Amino acid sequence: AQTVTQSQPEMSVQEAETVTLSCTYDTSESNYYLFWYKQPPSRQMILVIRQEAYKQQNATENRFSVNFQKAAKSFSLKISDSQLGDTAMYFCAFIARETSGSRLTFGEGTQLTVNP
Amino acid sequence: NAGVTQTPKFQVLKTGQSMTLQCAQDMNHEYMSWYRQDPGMGLRLIHYSVGAGITDQGEVPNGYNVSRSTTEDFPLRLLSAAPSQTSVYFCASSYFGTQYFGPGTRLTVL
């Protein structure tokens, strides 16, 4: 069974600064996907970024980037130039590629607050 | 292209009542799932489907039934509501591992 751990229940950052959210996972699978989802107060689950395990290059999406360390089973999210709209709960998630349809495993979440 | 839609947005039930949460997607995705999110927690998988006519249990299936008669629709039925089923329910469809979520249904069971 897969597990995903986010060790930081809450974090805060000043507007325009950079923050890194941590995530570790445990799996015996070799092919899998990792995700960061954002959940603002509206409760909508919004995909932030996706990483395929077989790709060595770290994924980036505008101000969001990841540091994927496959051997260490670590998948951190870096948010650059933080904005007030980045305030949300952030979830790290894992899915094995062989069952890529449906069995997404989530971490407990990190509540990020961006202060003006 | 509406993506994933869920109805209703809010629902209050009494213990023992039954109801169906509706979910539909217009992206022609084969895979669909139901999750629940309890306060302060991540999402947990209830049931999922890999295509029309095929469903399977997730992590927390007890008290819920699903069926998948079409690619578009994946309803979740609560058989006899209990207070422990008070939660926010999310439906998702997926393509190559990436899940696209609906807006959620907030359910309260009194």
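Please read these numbers as outputs of a predicted model, since none were measured by experiment.

Thoughts on the overall build of chain A
Scanning chain A for helices and strands turns up 0 helices and 12 strands. Here chain A has a C-alpha radius of gyration of 14 Å; the compact-globule value for 116 residues is 13 Å, and the two agree. By its C-alpha atoms, chain A is 45 × 25 × 20 Å across when sized along the principal axes. When burial is assessed residue by residue, chain A has 47% of its 116 residues classed as buried. Only carbon and sulfur atoms are counted for the fraction: they give 44% of the accessible area of chain A, which is about 5,500 Å². Computed over 10 positive and 11 negative side-chain charges, the separation of the two mean positions in chain A equals 7 Å.

Points about the interface of chain A and chain B
For interface size, the figure often reported is the accessible area lost on association. At the junction of the two partners, chain A supplies 19 residues and chain B supplies 26 residues. In total, chain A and chain B occlude about 1,700 Å² of area from one another, counting both sides; carbon and sulfur atoms represent 50% of this. On the surface where chain A and chain B come into contact, there are 0 salt bridges. Seen at the junction of chain A and chain B, the total is 5 residue pairs in polar contact (both at pLDDT 80 or more). Elements that contribute at least two residues to the side of chain A that touches chain B include exactly β5 (32-39), β6 (46-52) and β10 (88-96) of chain A. When residues of the side of chain A that touches chain B are assigned to their parent elements, the largest contribution, 4 residues, is made by β5(A). When its residues are assigned to classes, the side of chain A that touches chain B shows 9 nonpolar, 6 polar and 4 charged.

Details of the confidence of the model for chain A
Predicted coordinates in areas of low pLDDT are best not read in detail. For chain A, mean pLDDT is 92; residues scoring 70 or higher make up 96% of the total. Of all the helices and strands in chain A, strand β11 (residues 105-106) of chain A carries the lowest mean pLDDT, 90, while strand β3 (residues 19-21) of chain A carries the highest, 98.

Observations concerning the pattern of salt bridges
In the structure shown here, the tally under the stated rule is 5 salt bridges over all chains. For K73(A), the salt bridge goes to D26(A), with nearest N and O atoms at 3.5 Å. Here K73(A), found in the loop between β8 (64-69) and β9 (74-79), pairs with D26(A), found in strand β4 (residues 24-26); they are 47 residues apart in sequence, far enough to count as distant. The exposure class of D26(A) is partly exposed, given its relative accessible area of 43%. Shared partners join several salt bridges into a network, and the residues in it are R36(B), D38(B) and R44(B).

Overview of the nonpolar core
Within the largest apolar cluster, 26 residues are counted, with the highest numbers of intra-cluster contacts made by Y25(A), W36(A), F75(A), L77(A) and Y90(A). For this core, the secondary structure elements donating two or more residues are β3, β5, β6, β8, β9, β10 and β12 (110-115) of chain A. Counting residues per element, this core draws most heavily on β10(A), at 5 residues. In this view, F75(A) contacts C23(A), Y25(A), L34(A), F35(A), W36(A), Q51(A), V66(A), N67(A), F68(A) and C92(A); residues no more than four positions away in its chain are not counted. One finds M32(B), V60(B), L78(B) and Y89(B) within the second-largest nonpolar core, a separate group that totals 19 residues.

What counts, and at which threshold
Residues numbered from 1 in each chain as written. Chains lettered and ligands numbered in written order. Predicted model: local features only at pLDDT ≥ 70, side-chain atom pairs only at ≥ 80, totals over all residues. Heavy atoms only, no water. Helix = DSSP H or I, 4+ residues; strand = E, 2+ residues; numbered from the N terminus. Rg over C-alpha atoms; globule rule 2.2 N^0.38 Å. Buried < 20%, exposed > 50% of the residue type's maximum accessible area, 1.4 Å probe, protein only. Areas by Shrake-Rupley, 256 points an atom, 1.4 Å probe, with all protein chains shown as cover. Lys, Arg positive; Asp, Glu negative; His and termini not counted. Charge placed at Lys NZ, Arg CZ, Asp CG, Glu CD. Contact = heavy atoms within 4.5 Å. Buried area = accessible area lost by both parts, 1.4 Å probe. Salt bridge = Lys/Arg side-chain N within 4 Å of Asp/Glu carboxyl O. Polar contact = N/O pair within 3.5 Å; in protein donor to acceptor, adjacent residues only side chain to side chain. Nonpolar A, V, L, I, M, F, W, Y, C, P; charged D, E, K, R; others polar. pLDDT = per-residue confidence, 0-100. Core = buried A, V, L, I, M, F, W, Y, C linked by side-chain atoms within 4.5 Å.

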